[in-house]
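What follows is the residue order along each chain.
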Amino acid sequence: MPKEIAVDKQGRLAGRPAMSDTNMLLTITVLVFFVMYIAAVVFLGGGFSKPQSFLNILNNNASLIVLSCGMSIVMITGGIDISVGAVTGLVCMNCAVHLELQGGSIITALLLGLGIGLAFGIVQGFLVAHLGIQPFIVSLAGMFFAKGMTTIVSKEPVRVTGESFLAIKNIRVTVPGLGSNNKLGQYVPAYVEVGVLIALAVVVILFCVLRWTKLGRSFYAVGGNNQSANMLGINVRRTKFLAHVLCGLLAGLGGILYFLHVGSGDVANGAGDEMNAIASSIIGGTLLTGGVGNIVGTFFGVLSLNTIKRIVSTLGFDEAWWSNITVAAMICLFLIIQSIILMRKNKK
Amino acid sequence: MKEKRSDESFFRRLTRHQLFIPVAALLALVLFNLIADPSFFSISLKENSLGNPVLSGNIISVLDNASELVLLAIGMTLVTASSGGQDISVGATMAIAGSVILRLVCGGQVSADTMQAPLFLAVLAGIVVTMAFGAFNGALVAYFKIQPMVATLIMFTAGRSIAAWINNNQLPFINDVAFKYAGTFLPGIPVPTPVFITLFMILVFWLVLKFTNLGLYTQAVGINANSSRLNGLDPKKIKLLTYVILGACVAIAGFIRVSRSGSINYSRIAENIEMDAILAVALGGNSLGGGKFNVYGSILGAYVIQFLTTTLYKYNVPSTALPAYKAVVVILLVVLSAPVVREKLSRMKKSSAKAAKEVA
């Protein structure tokens with residue numbers, strides 16, 4: 001139990017000013033994102049100055065945004081869920097097989113995807129909250145299980161060719177006022193995919209839930225200090241359970257969005273997305289010790305992470321390894337910033 | 001009378017023993033294989049492609065293939081005990097160690113028929129490099145107070161990329177028989193060399209734990225860093241030290257892994273091994289929250305995991321589906337060892353015993 005005590009102390013010290021912690025980290029994240037993006041537009045121009053290139057970051061990462069939101073919630077309660085990437089892959093594969101090989105309808109595929117995510121969330125939440133097993137180990141097993149099941153369902157990539165699915169996949173929502181002239185001088189309106197709208201809706205809903213509902217506030221309370229949350233009359237177990245269920249459900253939804261974006265099931269789908277989600281949450285100012293975090297910050301975390309990836313590849317370091325090294329450096333930087341802020345706070 | 005009392009609590013004491021889970025799991029696996037197919041345990045003497053007599057059989061392959069895992073489990077136990085968290089970058093740093101060693105022995109070329117640098121120096125360089133990365137991880141954990149899993153997430157993300165970068169993304173290949181001694185067989189000795197390396201490292205750790213205060217200090221720091229500081233220890237240094245030690249273990253594991261084949265695949269080498277290593281520590285009855293530890297439990301845990309892997313392979317479970325089966329085993333183990341479940345089970349036993357008495 002020594003670890004618990006350490007966490008408790010931090011929570012107590014954070015106490016009332018916990019919100020200012022959140023705000024400070026959020027401000028840093030948002031600032032970093034804007035400075036980075038403006039610098040990219042000024043110095044690299046071209047690919048960055050078009051509105052569409054910004055919207056493409058959203059298009060490519062709608063699923064990651066949803067995954068990161070779930071991750072942030074679990075992290076706010078002081079846990080972690082490293083199974084989300086593998087669940088994304090499993091959902092993609094199942095939806096693809098269901099639509100293409102079993103001739104299922106889109107509605108059932110949707111329910112299937114959400115159901116898988118929900119099942120992972122419920123099992124993991126039960127093990128973490130009610131049996132008191134460490135979340136890392138539980139979700140590690142979940143990740144293993146999802147990875148293995150994906151290959152058991154199908155080893156070969158399954159490409160979906162159903163027309164009704166492709167119709168939904170190719171819906172492009174044009175954003176009024178944003179557009180640019182292409183090389184031929186034609187005006188090309190900027191667009192986002194359906195997934196982005198869903199992801200943005202998730203961000204808004206979760207932001208409201210975390211800020212104004214009893215459940216949302218109890219996530220923070222549980223993450224800040226288990227014992228005092230208990231004394232306040234919050235059902236700690238139930239709250240933790242719900243956080244994991246929510247994260248699982250969002251992983252299912254993230255899987256569906258991923259599937260909608262790539263249109264196929266593949267063993268490699270969603271690989272490493274758990275790390276991207278954790279990285280986005282950390283960059284977005286969520287503390288792994290729990291109790292501090294913000295969904296808007298997480299959203300900007302995803303944007304920052306992918307902006308820096310694009311900057312690095314535009315600079316000519318387009319070998320795959322540079323992207324990983326940059327992400328790592330980014331996590332490192334933000335972790336050190338966080339830790340310095342926390343240490344200074346604890347000294348006062 | 002006294003004997004009878006101890007007899008009554010024998011079962012409870014047995015299930016409470018730290019090594020109960022790994023030993024029980026091992027026995028269950030052995031029993032399963034004995035019943036399903038006793039030929040699992042057959043060992044035969046064969047001749048390998050170099051004309052050396054070598055032992056082959058599932059048991060030998062378990063002992064051989066578990067080597068890397070055992071080394072990682074030893075280091076991971078210390079890290080877990082001191083910092084209450086796990087290093088998830090071990091697989092990635094194994095790739096770095098392997099990459100450094102291969103670059104040196106190949107002399108920077110894509111392929112080499114003889115070693116271009118003394119093997120000893122190459123391995124030493126690998127050890128130094130991974131110890132440096134261990135120190136980086138340790139510094140983040142100890143001095144910046146970042147949670148171990150998150151701190152090592154950095155190297156987990158970047159490690160394989162750094163390994164590829166060290167060799168300019170080429171896949172060096174060495175065809176020197178002498179390089180492969182460490183990963184395969186020494187001429188004339190029928191037992192795989194990794195088994196000896198592992199035994200040697202276990203011996204080293206046994207001596208270190210016996211004759212130094214490393215074990216005591218690590219536990220003290222893990223149980224309560226503040227009070228150990230008040231008792232004159234430096235918790236930060238000790239945490240850092242455990243990560244550096246893990247770095248050394250990782251380098252030797254990486255060396256064994258690359259010398260098995262003489263080549264490296266950055267994205268696949270030692271894939272998911274960090275998960276197995278953490279599992280080994282948990283299986284060995286160590287708390288993943290730090291504090292008291294038992295290295296021998298972790299070592300046994302590592303062998304149990306390899307035993308499970310080999311058993312699954314024998315029944316033609318494809319390697320890609322392996323994780324699903326392992327996950328089920330992990331969940332069963334952690335559920336059974338969860339304090340809540342244990343309490344309920346013992347209560348059930350008590351109430352059933354009471355009911356039996358009442359009936360009598």
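Residues numbered from 1 in each chain as written. Chains lettered and ligands numbered in written order. Predicted model: local features only at pLDDT ≥ 70, side-chain atom pairs only at ≥ 80, totals over all residues. Heavy atoms only, no water.

Thoughts on the overall build of chain A
So, point 1. When you go through chain A residue by residue, the secondary structure sums to 14 helices and four strands.
So, point 2. Each of the 348 residues in chain A was classed as buried or not, and the buried ones make up 53%.
So, point 3. Put simply, of all contacts in chain A between residues at least 6 apart along the chain, 76% involve residues at least 24 apart.
So, point 4. Accessible surface, chain A: about 14,800 Å² in total, of which carbon and sulfur atoms supply 66%. (Helix = DSSP H or I, 4+ residues; strand = E, 2+ residues; numbered from the N terminus. Buried < 20%, exposed > 50% of the residue type's maximum accessible area, 1.4 Å probe, protein only. Contact = heavy atoms within 4.5 Å. Areas by Shrake-Rupley, 256 points an atom, 1.4 Å probe, with all protein chains shown as cover.)

Quick look at the confidence of the model for chain A
All names here are of chain A.
So, point 1. Taken over all residues, the pLDDT of chain A has a mean of 83, while the share at 70 or more is 89%.
So, point 2. Put simply, helix H1 (residues 2–14) is where chain A has its lowest mean pLDDT, 44, and helix H11 (residues 236–262) is where it has its highest, 93.
So, point 3. For residues 1–19, every residue scores under 50 in pLDDT, and the model assigns this stretch 18 contacts once sequence neighbours within four places are set aside. (pLDDT = per-residue confidence, 0-100.)

Some thoughts on the side chain of A:Ser139
Residues and elements named next belong to chain A.
So, point 1. Mapped onto the secondary structure, Ser 139 falls in helix H6 (residues 135–153).
So, point 2. According to the relative accessible area criterion, Ser 139 is buried, its value standing at 1%.
So, point 3. A distance of 3.1 Å separates a polar atom in the side chain of Ser 139 from the backbone nitrogen of Ile 82. (Polar contact = N/O pair within 3.5 Å; in protein donor to acceptor, adjacent residues only side chain to side chain.)

Quick notes on the packing of aromatic side chains
So, point 1. Counted by the stated rule, this structure contains twelve aromatic pairs over all chains.
So, point 2. With centroids separated by 6.4 Å and ring planes inclined at 50°, the aromatic side chains of A:Phe33 and A:Phe54 adopt a geometry described as tilted. Here A:Phe33 is found in helix H2 (residues 18–44), whereas its partner A:Phe54 is found in helix H3 (residues 51–76), with 21 residues between them in sequence.
So, point 3. Using a relative accessible area of 3% as the deciding quantity, one classes A:Phe33 as buried.
So, point 4. Taking relative accessible area as the criterion, A:Phe54 reaches 26% and is therefore assigned partly exposed.
So, point 5. Among the aromatic residues, those joined into a ring-pair cluster are A:Phe33, A:Phe34, A:Tyr37, A:Phe54, A:Phe299 and A:Phe300.
So, point 6. Above the ring of A:Tyr191, the side-chain terminus of A:Arg172 is found at 4.1 Å from the ring centroid.
So, point 7. Its end group placed over the ring of B:Tyr315, B:Lys314 keeps NZ or CZ at 4.8 Å from the ring centre. (Phe/Tyr/Trp six-rings, centres within 6.5 Å; stacked < 30°, edge-to-face > 60°. Lys NZ or Arg CZ within 6 Å of the ring centre and 35° of its normal.)

A look at the interface of chain A and chain B
So, point 1. Counting residues at the interface gives 41 residues for chain A and 48 residues for chain B.
So, point 2. Summed over both partners, the interface of chain A with chain B comes to about 3,700 Å²; 80% of that surface belongs to carbon and sulfur atoms.
So, point 3. If you look at where chain A meets chain B, you find zero salt bridges.
So, point 4. Between the two partners, chain A and chain B, sit one residue pair in polar contact (both at pLDDT 80 or more).
So, point 5. Elements supplying a minimum of two residues to the side of chain A that touches chain B: H1, helix H5 (106–130), H6, helix H12 (273–283) and helix H14 (320–347) of chain A. (Buried area = accessible area lost by both parts, 1.4 Å probe. Salt bridge = Lys/Arg side-chain N within 4 Å of Asp/Glu carboxyl O.)

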